[in-house]
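Overview (structure and organization)
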Amino acid sequence: MTANFDMIQNVYAHLKEKQDKAREVLGRPMTYAEKVLYSHLWNSPDRELERGKDYVELAPDRVAMQDATAQMALLQFMRAGTPTTAVPSTVHCDHLIQAKVGAEEDLHRAVDENKEVYDFLESVSKKYGIGFWKPGAGIIHQVVLENYAFPGGMMIGTDSHTPNAGGLGMIAIGVGGADAVDVMAGMPWELKWPKLIGIKLTGKLSGWTAPKDVILKVAEILTVKGGTGAIVEYFGEGLNSISCTGKGTICNMGAEIGATTSIFPFDESLARYLRATRREVVAALAEQNAALLKADPEVYADPGSYFDQVIEIDLNELGPHLNGPFSPDRAWPISKMKEAAKENDFPEELSVGLIGSCTNSSYEDIDRAAGIARQALEKGLKAKSLFTITPGSEQVRATIERDGQLKTLTDFGGVVLANACGPCIGMWARMDNPEGKRNSIVTSFNRNFAKRNDGNPNTLAFVASPEMTTVLALAGKITFNPETDTLTDENGNEVKLDPPYGDELPKNGFDKGKEGFIPPEEDGSSVEIKVDPNSKRLQLLDKFPAWDGNDFIDLTLLLKAKGKCTTDHISMAGPWLKYRGHLENISDNMFLGAVNAFTDKPGEVKNHLTGEYESTPKVAKEYKKHGVNWVVVGDENYGEGSSREHAAMEPRFTGAKAVVVRSFARIHETNLKKQGVLPLTFADPADYDKIQEDDKIDIIGVKELKPGSQLKMVMKHKDGSTDEAILNHTMNENQIEWFKAGSALNLIAAQNNQ
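For clarity, every value in this text was computed on a predicted model and none was experimentally measured.

Points about the overall build of the protein chain
- For the protein chain, the helix and strand inventory stands at 24 helices and 30 strands.
- Expected size for 754 residues packed as a compact globule is a radius of gyration near 27 Å; at 25 Å, the protein chain falls within 12% of this value.
- Along the first, second and third principal axes, the C-alpha set of the protein chain runs to 75 × 60 × 55 Å.
- For the protein chain, buried positions account for 64% of its 754 residues.
- A separation of at least 24 residues holds for 75% of the contacts in the protein chain among residues at least 6 apart in sequence.
- Total accessible area on the protein chain stands at roughly 26,800 Å², and carbon and sulfur atoms take up 47% of it.
- For the protein chain, the distance from the average position of its 83 positive side-chain charges to the average position of its 106 negative side-chain charges is 2 Å.

Some details on a negative patch on the surface
- Taken together, the side chains of Glu237, Glu312, Asp314 and Glu317 make up a negatively charged region of the molecular surface.
- With respect to the helices and strands, Glu237 occurs in the loop between strand E9 (230–235) and helix H9 (244–252).

A word on helix H24 (residues 744–752)
- Of all the residues in H24, the buried ones are Ala744, Leu745, Asn746, Leu747, Ile748 and Ala749.
- Packed against the buried residues of H24 are helix H3 (67–77), helix H7 (177–184), helix H22 (666–674) and helix H23 (733–741).

Some points on the sheet that holds strand E11 (residues 309–314)
- Spatial strand order, E10-E9-E8-E11: four strands in an open sheet with parallel pairing. Looking along the sheet, the strands with just one partner apiece sit at the ends: strand E10 (261–263) and E11. Taking each pair of neighbouring strands and ignoring which way they run, the sheet shows an average axis angle of 20°.
- Against the sheet, helix H8 (residues 211–222) makes contact with strand E8 (195–202), E9 and E11, and its axis sits at roughly 135° relative to E11, the strand it touches most.

Some remarks on the packing of H3 against helix H5 (residues 115–128)
- Across the interface, H3 lies against H5 with an axial gap of 10 Å and an inter-helix angle of 50°. The orientation of H3 with respect to H5, classified from their angle, is oblique. The interaxial crossing formed by H3 with H5 has left-handed handedness. Here H3 contributes Asp67, Ala70, Gln71, Leu74, Leu75 and Phe77 to the contact with H5, which in turn contributes Val117, Tyr118, Phe120, Leu121, Val124 and Tyr128.

So, the pairing of strand E30 (residues 722–728)
- With two bridges connecting them, strand E27 (residues 678–682) and E30 associate as antiparallel partners. For Thr681, the partnering residue across the bridge sits in E30 and is Asn728.
- Strand direction decides the pairing type here: strand E29 (residues 711–716) and E30, joined by six bridges, are antiparallel. Bridged to Val714 within E30 is Glu724.
- What sits between the antiparallel neighbours E29 and E30 is a turn of five residues, in which Gly720 has the positive phi angle 95°.

As for the side chain of Ser125
- Examined against the element boundaries, Ser125 turns out to sit in helix H5.
- Here Ser125 falls in the buried class, since its relative accessible area comes to 1%.
- Engagement of the side chain of Ser125 in a polar contact is seen with the backbone oxygen of Leu121, the distance being 2.7 Å.
- Setting aside its immediate chain neighbours within four residues, Ser125 contacts Val91, Ile130 and Phe132.

Thoughts on the environment of Gly414
- By the secondary structure assignment, Gly414 is in strand E16 (residues 414–416).
- Separated by 29 residues in sequence, Gly414 and Ser385 have C-alpha atoms that sit 9.4 Å apart.

Focus on the side chain of Asn360
- Following the sequence through the fold, Asn360 ends up in the loop between strand E14 (350–356) and helix H14 (363–378).
- Of the polar contacts made by the side chain of Asn360, one reaches the side chain of Asp365; its length is 3.3 Å.
- When neighbours within four sequence positions are excluded, Asn360 is seen to be in contact with Lys212, Thr249, Asp365, Ser444, Ala464 and Pro466.

Quick word on the nonpolar core
- Judged by nonpolar contacts, the single largest core of 153 residues is most densely connected at Leu74 and Leu322.
- If near-sequence neighbours (up to four positions away) are discounted, Leu74 is found in contact with Met65, Val91, Leu121, Val124, Ile130 and Met184.
- Counting residues in each nonpolar core, the second largest holds 26 residues, with Leu216, Ala219, Ile242 and Phe264 among its members.

Some thoughts on the pattern of salt bridges
- For the coordinates displayed, the defined rule picks out 46 salt bridges.
- Taking the shortest distance from any N to any O, the salt bridge between Arg23 and Asp296 comes out at 3.2 Å. In this pair, Arg23 is assigned in helix H1 (residues 5–26) and Asp296 in the loop between helix H11 (280–288) and helix H12 (297–301), connecting sequence segments 273 residues apart.
- What makes Asp296 buried here is its relative accessible area of 9%.
- Residue Asp485 is joined to Lys338 by a salt bridge in which the shortest nitrogen-to-oxygen separation is 2.7 Å.

So, the sheet that holds strand E4 (residues 131–133)
- An order of E6-E5-E2-E3-E4-E21 is seen for the six strands of this open sheet, with the pairing classed as mixed. At either end of the open sheet lies a strand with only one pairing partner, and these are strand E6 (171–174) and strand E21 (517–518).
- Strands strand E2 (62–66), strand E3 (89–92), E4 and strand E5 (154–157) of the sheet are contacted by helix H6 (residues 140–147), whose axis makes an angle of about 150° with E2.

Side note on unusual backbone geometry
- Note that the residue after Gly324, namely Pro325, is joined by a cis bond; omega there is -5°.
- Within the fold, Pro325 resides in the loop between strand E12 (321–323) and strand E13 (331–333).
- With a phi angle near 80°, Ser357 is a residue other than glycine that sits in the positive phi range.
- Here Asn637, not a glycine, exhibits a phi torsion of approximately 55°, which is positive.
- Inspection of the secondary structure puts Asn637 in the loop between strand E25 (630–634) and helix H21 (646–654).

Thresholds, definitions, all that
- Residues numbered from 1 in each chain as written.
- Predicted model: local features only at pLDDT ≥ 70, side-chain atom pairs only at ≥ 80, totals over all residues.
- Heavy atoms only, no water.
- Helix = DSSP H or I, 4+ residues; strand = E, 2+ residues; numbered from the N terminus.
- Rg over C-alpha atoms; globule rule 2.2 N^0.38 Å.
- Buried < 20%, exposed > 50% of the residue type's maximum accessible area, 1.4 Å probe, protein only.
- Contact = heavy atoms within 4.5 Å.
- Areas by Shrake-Rupley, 256 points an atom, 1.4 Å probe, with all protein chains shown as cover.
- Lys, Arg positive; Asp, Glu negative; His and termini not counted.
- Charge placed at Lys NZ, Arg CZ, Asp CG, Glu CD.
- Patch = residues over 30% accessible without salt bridge, like charges linked within 9 Å, V, L, I, M, F, W, Y side chains within 5 Å.
- Salt bridge = Lys/Arg side-chain N within 4 Å of Asp/Glu carboxyl O.
- Pairing = 2+ DSSP bridges.
- Axes fitted to C-alpha atoms, helices over the stretch in contact; angles between N-to-C directions.
- Parallel < 35°, antiparallel > 145°, perpendicular 65-115°, else oblique.
- Left-handed = near helix turned anticlockwise from the far one by under 90°.
- Polar contact = N/O pair within 3.5 Å; in protein donor to acceptor, adjacent residues only side chain to side chain.
- Core = buried A, V, L, I, M, F, W, Y, C linked by side-chain atoms within 4.5 Å.

Spatial relationships are all this shows, so hold off on functional conclusions.
Structure below.
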C-alpha cells in the first residue's frame, strides 16, 4: 500500500498549473529543481526569485525525523500549541543503536538501554499523528526512499543526509528540529532561494567504478563548501547507467559539499524502483507527468544559460576513488593510492572495512559487494581485515538473507550489524584497537572527520564505494588496485578479480521482513506523555528569554575556534547521543572537539572568572551561573556537517549571545537564527586575527538590526587598546522577529496561543 497517496495525488493534480504559472512569471524554460521549488511556494510567485538573495516561504509535503534529533524536535513541537501535525510526518529509530557484537545482541541492548527515549518518541508520535518506525526497522533515509519519496515532491528531514531522497526525484532538505516544528505546525518553511549547480554526466559507469565515485569526484571538484547555498541538479546520458539507489547515494553525500540538496530527474530507473517497492500507482502517476519531472529541453541544450555553474564528468574516464582522511573532499584515485600512502605516511594496512550505512546499503550495493566476496571464496580467500555489513533497512536485510548475500558476506569473514547508523555516526564500540593506535579504515559511509567513527583521533578514515571497501578488506591494505593488482590464492597462484556485478533490484521482489512500523493514531488526544523530572535522558524545555532590546556590551570571549569546526566539534555524537533529549546534560559536550586558537588544544578554554584553563562546557556553565554573557569566534565554513540543532541550542542555553565567524555552513547558520543566537560574519575575514584571548567584546547596532544592516564589533584588549571590525548578517525581517522573541519557537507558540 502506498503511504499518503492522497497527498501525492494532490501534488500531481496541481503540478502542471503551478509550473505553467511559474514559467509565465519567469518568461523562460525551467530546470527541474526550479520546477519543484516553484510548485511548492507557499504563495504563487509574482516575480522571478533572486538566487542566493531572496528568502522564500515553502510548503513541504512531509517531514521525517531520526530518533536523535526527533527528541529535541518533538520537545519543541509540544510547546507549539497544535493538536496534530499538519503534514505527514515520521520518526525513525536508527541513531541510538550502538554497534558492538552483532545485529541481534546490539539491538536487544539498545532497546533496553534506550527504553525511556523510545517510549517517549512512540507516545509523542501517537499523540500528534506521527508514523513511528521502531528500532531495527532501518535507517531513516533508506526507509524514506523505500516508502515515502516520490518524484516532484518536497520534504524536509532532521538529518543532513535527507537529500538521499533526491535519487527518487524529490527536493529533500536537511534541517534542524525547529524547522521541522514550523512545517508540522502548519507554518510555511523558510529558505534562501538557492543557486543552481548543473552536473552533466556523460558516458557510462563500468568496471570497478560505482555511483559513489561520482560524488567522490564531485567533492574533489567543489570541496566541502563549494555547494553551499546551492541545489545540485544532475542530467545527461550518464544517468542511464545509474540505478535509482545509486542516484540516492550521490544525493546523500551531496551534504558533504555543503549543498542545500541534490536531485535527479524522473527516468525509467525511478519507475522501476517505485514498482519494486510496491508503489505502482506512484510510478504510473509519475509516468503520466514525466515531462513535468525533468528540466525543459532548452535547459539540457544550453545548460550554461540556466545554471550558475556547470560541471561535466565523463563516466567513461572516471575511476574508483578513496576520499580522506579527515575530510570527504580529499580525493585519491585508487590508481594513485600507493604514491599517496607513501607521501603522506598513511598506514597501508587496512584495520577494518565497513559497508552499508544510509549512503550505500541498497540491495544493489550489497549484491555487488557479495559478488566480490563470492569470487574470493571460490579462490579460497577471505577478508584479511575485519569486515562489517550494515543493512539499510529490515526490507533490505530480509531480502539479502533470503537471496544468500548475507551468508556469502559472513562466510567471507563479515559481521552483520543492526539495521541502523552504528559506526557511521560514531555508535561503534570498537574492540580491535584498545590502545588507539594510528590505523586506517575504509567505509562506504559519507563522513570521515577525525574521531567521527570510533572516537580515536589516530584513525584515518577513507570513504569509498561498497565494492571498493570489500576488495580492500580482502587484500588487507588501502593501496590495492583491483584494476591492475593480483592476489595470491590458497595454492599460491596469482589471481585477479573480475569487476563487480550486482542486480539493481531483487528478481523475486523485496521481502518486507519483520514489521517495524506503527501507523499514526486516528485520535491521539487522550495519549499522555510522561517525562520524569529526574530523568538523565529527557528534559522538558523552558522558553529562552527574549532579547532585552540593547546592544551587546562587554561580552566575554568563550572560544576562538581555529580551523575546521563542524557540528561534531561543537556537539559530539557517539556516546553523547544518549543525552539528545536533555538540553542541560547534552551541553556538557559543548565545543569539546573545537580547537582553541590560542592554545592549539581542543575542548579547553581560559576561564576569565578564575584565570585557569578548564573544559569549555564547564567554563560556559560557570559563566551562565554568574550571569556572564559570551560570544564565540570561528573560522571558515563554521558548523559544517550534521543538521543537529544541539550545536546551536547548547550555546544558547549556556549564555551565547552571538557567534562571529569568517563564514557559515547553511544549516547551522539557520539553526542559530531559530534559537535566538545572532550569527554574524566578518565583513573582512582578516579581522578574525584581531581577536585576543582576554578581549571584552561589544557588538553595536543590535538595536538598529534590520535586513542588510551592518554591525560593529569593538574588541577591548587587556592592555587598554581597542580594535574594530564590521560585521554582516543574513537575517530577514521574519528572522529578526525570531531573535527579538528569543527564538522562532517562542514566536510560534505566542501566535498559536493568541
